[in-house]
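Structural description and commentary
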Amino acid sequence: MIVAVLGGGNGSHATAVDLTLRGHEVRWWRRRAPLPPGGSVRYVAGETSGEVTVALVTHDLSAAVAGCDLVVAPVPASAQPELLDALAPVLEPGQAVAFTPGTLGTWFGARLRPDVAFLETGTLPYLARVTAPGEVSIPVTASRLPVGSIPGTGPLADQAYARFAAAFPMAVRVRDGLDAALANWGPVIHPPLIVHNLGAIESFGDRFDIHADGTSPSVLATTRALDTERIALRERLGFGEPHWPLLDYHLGKDTSMYPPDAKARLLASNLWRESVHIEHRYVHEDIRCGLVLNVELARLAGVPAPTGAAILALMGTALGEDLVASGRGPDLLGTRDLDELRRVARAGMATSER
């Protein structure tokens, strides 16, 4: 297949490498960041290492996506609106665009281009870090990757899923884009790590590993409570199992989205001993977008979400803003009608609803 990979971050590097290794023709678009000379990228993936040459690296978005079978956008949720403004005019009817993960980015894509299938995953396909210019380390690849689309059913959705599964054979199809959005682990893992560890984050910088040093039993208690709220919301909205409980990851179960030894590999890599600050992606993406989405949908559905609401209140105080007002809530979605949200997620957006 021809696959366009959009963005210049950790996930984009890992995706460009992995899909090239899988034999796909990869076109890699980066907005402003320098392009790797000759399209060459070095990688370390588990016990293997090497170098790949991406078919095309470009700053021209139209050239990247023209005629592509699949467009993969491993960009933070906070970057999706600006990307979609540039991407929507150059997409072709019937194409498939995947956010990995999405935080309901599928909803915003479907509003702009209802003739395109937008997919999103429940987690990152890769736990990866860029280690130097043109170099990426990928210690963990997902073993079960929930993916849903808007529309969630019909020929457009079926074709999009088939293309995605050809690129990501670990894909597990779920009901639709809303189902996948509420499987997302980011808004469950990262908000407790941030809010419980703000003192250490601000005092110790990259000497503090938020995953190794910040994941204490008390923090995990908050994480479990937050995940319980997420699963209760899924059940209220009628989504069946699997609910992808985060506990499976921490216990190393083979029902997790990642392999049983994923957490041990992540910690052993030492790649996450990095500077995490109050304006980090974990805040922009997983609190302002993901946690606000979960808490506000829970409020509309009448599902108690005291842990999520408390984190939003504390982080809002630290940031000096009303996160519910500024985040990915009903005002940004453009609807407070859960029935409409579920209907569109399943059937797609009619042209008249744009």
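Heads up: these notes are all about the structure in this document. (Residues numbered from 1 in each chain as written. Predicted model: local features only at pLDDT ≥ 70, side-chain atom pairs only at ≥ 80, totals over all residues. Heavy atoms only, no water.)

**As for the sheet that holds strand 9 (residues 126–132)**
- Sheet architecture is open: four strands sit in the order 4-3-10-9, paired in mixed fashion. Both outer strands of the open sheet, strand 4 (48–53) and strand 9, are each paired with one neighbouring strand and no more. In this sheet, adjacent strand axes meet at a mean angle of 25° when their direction is disregarded.
- Contacts from helix 1 (residues 10–21) reach strand 3 (40–45), strand 4, strand 9 and strand 10 (135–141) within the one sheet, and its direction differs from that of strand 9 by about 105°. (Pairing = 2+ DSSP bridges. Helix = DSSP H or I, 4+ residues; strand = E, 2+ residues; numbered from the N terminus. Axes fitted to C-alpha atoms, helices over the stretch in contact; angles between N-to-C directions. Contact = heavy atoms within 4.5 Å.)

**Focus on unusual backbone geometry**
- Residues Thr100 and Pro101 are joined by a peptide bond in cis, for which omega reads 0°.
- Relative to the helices and strands, Pro101 is located in the loop between strand 7 (96–99) and helix 4 (105–112).
- One non-glycine residue with positive phi stands out, namely Thr103, at about 55°.
- Residue class for Thr103 comes out buried when judged on its relative accessible area of 2%. (Buried < 20%, exposed > 50% of the residue type's maximum accessible area, 1.4 Å probe, protein only.)

**Concerning the nonpolar core**
- Counting 71 residues, the largest nonpolar core has Phe164, Phe168, Ile194 and Met315 as its most contacted members.
- Here this core gets six residues from one element, more than from any other, and that element is helix 12 (residues 281–301).
- When neighbours within four sequence positions are excluded, Met315 is seen to be in contact with Ile194, Val195, Leu198, Ile278, Val283, Ile287 and Leu323. (Core = buried A, V, L, I, M, F, W, Y, C linked by side-chain atoms within 4.5 Å.)

**Concerning the pairing of strand 10**
- Where burial is concerned, most of strand 10 is hidden: five out of the seven residues are buried.
- Relative to strand 10, strand 3 runs parallel, the two being bridged by four bridges. For Arg42, the partnering residue across the bridge sits in strand 10 and is Glu135.
- In this sheet, strand 10 lies alongside strand 9 in antiparallel orientation, the contact comprising five bridges. Across the sheet, Val130 pairs through a bridge with Val136, a residue of strand 10.
- In textbook terms, the turn of a hairpin is the stretch between consecutive antiparallel strands, and for strand 9 and strand 10 this stretch comprises two residues, one of which, Gly134, has a positive phi near 70°.

**Here's the deal with the side chain of Glu285**
- Among the secondary structure elements, Glu285 is positioned in helix 12.
- Of the polar contacts made by the side chain of Glu285, one reaches the side chain of Arg281; its length is 2.7 Å.
- Excluding residues that lie within four positions of it along the chain, Glu285 makes contacts with Val75, Pro76, Ala77, Thr103 and Gly290. (Polar contact = N/O pair within 3.5 Å; in protein donor to acceptor, adjacent residues only side chain to side chain.)

**Looking at the packing of aromatic side chains**
- Applying the stated rule across the entire model yields six aromatic pairs.
- The interplanar angle of 50° and the centroid separation of 6.4 Å between the aromatic rings of Tyr126 and Phe168 together place this pair among those described as tilted. Placement of Tyr126 in strand 9 and of Phe168 in the loop between helix 5 (155–167) and strand 12 (171–173) is noted, with a sequence separation of 42 residues between them. When sorted by exposure, Tyr126 lands in the same class as Phe168, which is buried.
- A network of ring pairs unites the aromatic residues Tyr126, Phe164 and Phe168 as a single cluster. (Phe/Tyr/Trp six-rings, centres within 6.5 Å; stacked < 30°, edge-to-face > 60°.)

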